[in-house]
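Below are the chains, spelled out letter by letter.
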Amino acid sequence: MTDGGPPPAEAEAAAALARAFSDEWSPVLATLIRVTGDWALAEDCTQEAFLAAVTRWERDGVPDRPGAWLRTVARNAAVDRLRRRSTESRRLTVLAAGEEAVVPGAGELVELDDESSVPDDRLRLLFTCCHPALPLDGRVALTLRTVCGLSVPEIARAFGSSEAAMAKRLVRARQKIAHARIPYRVPAGTELPERLSGVLAVVYLVFTEGYSATAGPSPVRADLCREAIRLARLLTQLLPGEAEVHALLALTLLHDARRPARLDEDGALVPLEEQDRSRWDGVRLAEGLRALGEAQRLAPGDGPLLLQAEIAACHSTLTGRDWPDWSLVVHLYDRLLALGPSPHAELSRAVALGMRDGPDAALALVRDLARSPLLAGTLAPLAAEADLLRRAGRRTEASAAYRRALAAATTDAEARFLRGRLAVLDPTGPPGR
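Quick caveat: nothing in here was measured; it's all calculated off a predicted structure.

**Student:** Describe the overall build of the protein chain, and please don't skip the residues or the numbers.
**Tutor:** Within the protein chain, the regular secondary structure consists of 19 helices and zero strands. When burial is assessed residue by residue, the protein chain has 49% of its 433 residues classed as buried. For the protein chain, restricting intrachain contacts to residue pairs at least 6 apart in sequence, the fraction spanning at least 24 positions comes to 65%. For the protein chain, the accessible area works out to roughly 20300 Å², and carbon and sulfur atoms hold 54% of it.

And the structure:
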């Protein structure tokens, strides 16, 4: 008799395949891109290897080295396809390298790859996906597809795009790599700092879209948050001596630790001061603080991600009804803005200034920022102005400001939160959209 669940072999194979997909997708794909130079072929053959594993592992058992098994099956699939391409004979010679390509059976493994190259291959893959010659949306999409293994429908849903449009975006990105002959390598010497900052920016953009989605029924996409954190962890393994890499991991973890408390039972946003801090993820928080400590140890000076991680720590290490040290937060934003202009950082600094010195001290700054080209018409400055007016006790002005913010809301959760604020300020007025 069984309890209706899957047979043990099937359950074991399914669990092993899920782990392998998380751990091995990008190493297998990166290896195939290196040895074939063909992104589309590499992706097809990687997918073919995982599909083969679905039936083979259940039938023959999970191999001792799942990653090596998948790389071998994927590489053999590439050999078979290249054999059918007469124009690819030169690449076939390099790929086969005189070795017989045999799909391994149970207990039989033909190892064709040097596993010592895999970390470098994954790093090459990240840097190639994030090459500055590609448009930013192409970099993000290509990173999610090739490094994270997200499907085209998943990426399309994450960014509010159609599947057809996202598929075309990915095709254009791959074609750009081929036509522009973008090298599949990690930049060396003086190129590395600038190119690394671009990689870190893409990973943080993935996290930001997950943590504060730009559209859709929810402001949170937990899957994107997880993928960005996984990429940040990978970067700390591949570039352990880079302070900003550890700072990125710290920043994403410290924010993500608060994610369980960001929405109430109705799906509305909960501001920091009203969150149930017992719901914060202590494991994520501890890992984030360790990563921050490592970044501070390695840092030669201020870095943008390090300063943002230190600001996040000010907000994430509170207990009970404590408030952040607003003077420290303002000071950290001053240091961050000294590195370069950022309207979003200026807005956050203005809010912190209002918390330190009172709402009237920040209102003029926030209103000026609401007219800046990058922030005009967006929710953040409008909601900040409304909150400052509410804190100042200027109820009529605050109600009007909340209605302007409500018109700019792009997610259902944002709209529910703003309507809730309006209902408290003006319970007899119309609820808004």
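**Student:** Residues and numbers for helix H6 (residues 136-147), please.
**Tutor:** The first and last C-alpha atoms of H6 sit 16 Å apart over twelve residues, in line with the 16 Å expected at 1.5 Å per residue. For H6, the tally of buried residues reaches ten of twelve residues, placing the bulk of the element in the interior. Of all the residues in H6, the buried ones are Gly 138, Arg 139, Val 140, Ala 141, Leu 142, Thr 143, Leu 144, Arg 145, Thr 146 and Val 147. Downstream of H6 by one or two residues, Gly 149 has phi in the positive range, about 80°.

**Student:** Give me the lowdown on unusual backbone geometry, citing residues and values where you can.
**Tutor:** Leaving glycine aside, a negative phi is the common case for residues, and trans is the common case for peptide bonds. A positive phi angle is found at Arg 181, which is not glycine, with a value near 55°. Inspection of the secondary structure puts Arg 181 in the loop between helix H8 (163-179) and helix H9 (191-211). Classification of Arg 181 by relative accessible area gives exposed; the value is 74%.

**Student:** Run through the pattern of salt bridges, naming residues and quoting values.
**Tutor:** This structure, assessed with the given rule, holds 28 salt bridges. Note that Glu 43 and Arg 174 form a salt bridge whose closest N and O atoms lie 2.8 Å from each other. Here Arg 174 lies in helix H8 and Glu 43 lies in helix H2 (residues 39-60), a separation of 131 residues in the sequence. For the pair Glu 43 and Arg 174, one class covers both residues: buried. The partner of Arg 335 in a salt bridge is Asp 302, and the shortest N-O contact between them spans 2.7 Å. Here Asp 302 lies in the loop between helix H12 (282-298) and helix H13 (304-316) and Arg 335 lies in helix H14 (residues 326-339), a separation of 33 residues in the sequence. Its relative accessible area of 38% is what places Asp 302 among the partly exposed residues. One network of salt bridges, with partners in common, ties together Glu 273, Asp 387, Arg 390 and Arg 391.

Conventions adopted
Residues numbered from 1 in each chain as written. Predicted model: local features only at pLDDT ≥ 70, side-chain atom pairs only at ≥ 80, totals over all residues. Heavy atoms only, no water. Helix = DSSP H or I, 4+ residues; strand = E, 2+ residues; numbered from the N terminus. Buried < 20%, exposed > 50% of the residue type's maximum accessible area, 1.4 Å probe, protein only. Contact = heavy atoms within 4.5 Å. Areas by Shrake-Rupley, 256 points an atom, 1.4 Å probe, with all protein chains shown as cover. Expected span 1.5 Å × (residues − 1). Salt bridge = Lys/Arg side-chain N within 4 Å of Asp/Glu carboxyl O.

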